[in-house]
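Architecture and fold: a report
Read off the chains here:
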Amino acid sequence: MMMDVNEIRKYLPHRYPFLLVDRVVELIPGESIVAYKNVTVNEPFFNGHFPDHPVMPGVLIQEAMAQAAGILGFKTMDKTPQDGSIYYFVGSDKLRFKRPVIPGDRLQLEAKIVSEKRGIWKFDVRATVDGELASSATILCADRKV
């Protein structure tokens, strides 16, 4: 199952400049997702991080992984934010950064469902560039009514 940005916007409440998933290339509800973010020098955060050596902030890499996991969770539950549901990023364990992400990189985002209990979802997530690990973590998201 593939999703373009218009379909992604149905499942994530985020908008520019905070929508960090450009395309979903594989999605198996209840299991996993593979998506990507094209990183360009035009991103607003590069003006200050860092002007002479642009590097994507680690917290935004983590957020991009969480957004991919959020799409997987929404699709698995067959819900959208329009249904009055929101997915909060509530925790992270074992977060590691292995390489910088710079303009021109295509950041591949992967998430796998580990568990779900009472609306708290656990995902194993990874971000890679050209097959090289950039970041990994286990994250928790909470499905809540708005």
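Summary of the structure given here. Note that this is a predicted model, so its numbers are computed, not measured.

What follows deals with the packing of aromatic side chains. Scanning the model with the defined rule gives 5 aromatic pairs in all. On the basis of an interplanar angle of 10° and a centroid distance of 6.1 Å, the ring pair of Trp 121 and Phe 123 is categorised as stacked. Comparing Trp 121 with Phe 123, the two get one shared label, buried. Members of the aromatic cluster, connected to one another through ring pairs, are Phe 74, Tyr 87, Trp 121 and Phe 123.

The subject of this paragraph is the sheet that holds strand S2 (residues 32–38). Strand order across the open sheet formed by 6 strands is S1-S2-S4-S5-S6-S3, with antiparallel pairing between neighbours. Lying at the two open borders of the sheet, with one neighbouring strand each, are strand S1 (23–28) and strand S3 (85–97). Within this sheet the neighbouring strands show an average axis-to-axis angle of 20°, counted without direction. Sheet topology places strand S4 (residues 106–117) next to strand S5 (residues 120–129); 10 bridges connect them, and they run antiparallel. Looking across to S5, one finds that Ile 113 is bridged to Phe 123.

Let's shift gears to the environment of Asp 93. Mapped onto the fold, Asp 93 is located in strand S3. Asp 93 gets classed as partly exposed once you look at its relative accessible area, which sits at 42%. C-alpha of Asp 93 to C-alpha of Leu 72: the two residues are 21 residues apart in sequence and 19 Å apart in space. Aside from chain neighbours lying at most four places away, what touches Asp 93 is Ala 137 and Thr 138.

This part takes up helix H2 (residues 58–77). With 20 residues, H2 should cover 28 Å at 1.5 Å per step; its first-to-last C-alpha distance of 29 Å lies within 8% of that length. In the segment just after H2, Asp 78 is the residue with positive phi, at about 55°.

For the rest of this paragraph, the subject is the pairing of strand S6 (residues 132–145). Taken together, the 10 bridges between S3 and S6 define a ladder with antiparallel strand orientation. Counterpart to Ser 92 in the pairing with S6 is Ile 139. Pairing of S5 with S6 involves 10 bridges; the strand directions are antiparallel. From the neighbouring strand, Arg 126 faces S6, where its bridge partner is Ser 136. The turn joining S5 and S6, which pair antiparallel and follow one another in sequence, is formed by 2 residues; a positive phi near 50° is taken by Asp 130.

The final tally for this structure, using the stated rule, is 6 salt bridges. Linking Glu 43 and Lys 37 is a salt bridge whose minimum nitrogen-to-oxygen distance equals 2.7 Å. Residues Glu 43 and Lys 37 agree in their burial class; the two are buried. Where Lys 79 meets Asp 143, a salt bridge forms, and the shortest distance between an N and an O atom there is 2.9 Å. Of this pair, Lys 79 sits in the loop between H2 and S3 while Asp 143 is found in strand S6, placing the two residues 64 residues apart along the sequence. According to the relative accessible area criterion, Lys 79 is partly exposed, its value standing at 22%.

Calculation criteria
- Residues numbered from 1 in each chain as written.
- Predicted model: local features only at pLDDT ≥ 70, side-chain atom pairs only at ≥ 80, totals over all residues.
- Heavy atoms only, no water.
- Phe/Tyr/Trp six-rings, centres within 6.5 Å; stacked < 30°, edge-to-face > 60°.
- Buried < 20%, exposed > 50% of the residue type's maximum accessible area, 1.4 Å probe, protein only.
- Pairing = 2+ DSSP bridges.
- Helix = DSSP H or I, 4+ residues; strand = E, 2+ residues; numbered from the N terminus.
- Axes fitted to C-alpha atoms, helices over the stretch in contact; angles between N-to-C directions.
- Contact = heavy atoms within 4.5 Å.
- Expected span 1.5 Å × (residues − 1).
- Salt bridge = Lys/Arg side-chain N within 4 Å of Asp/Glu carboxyl O.

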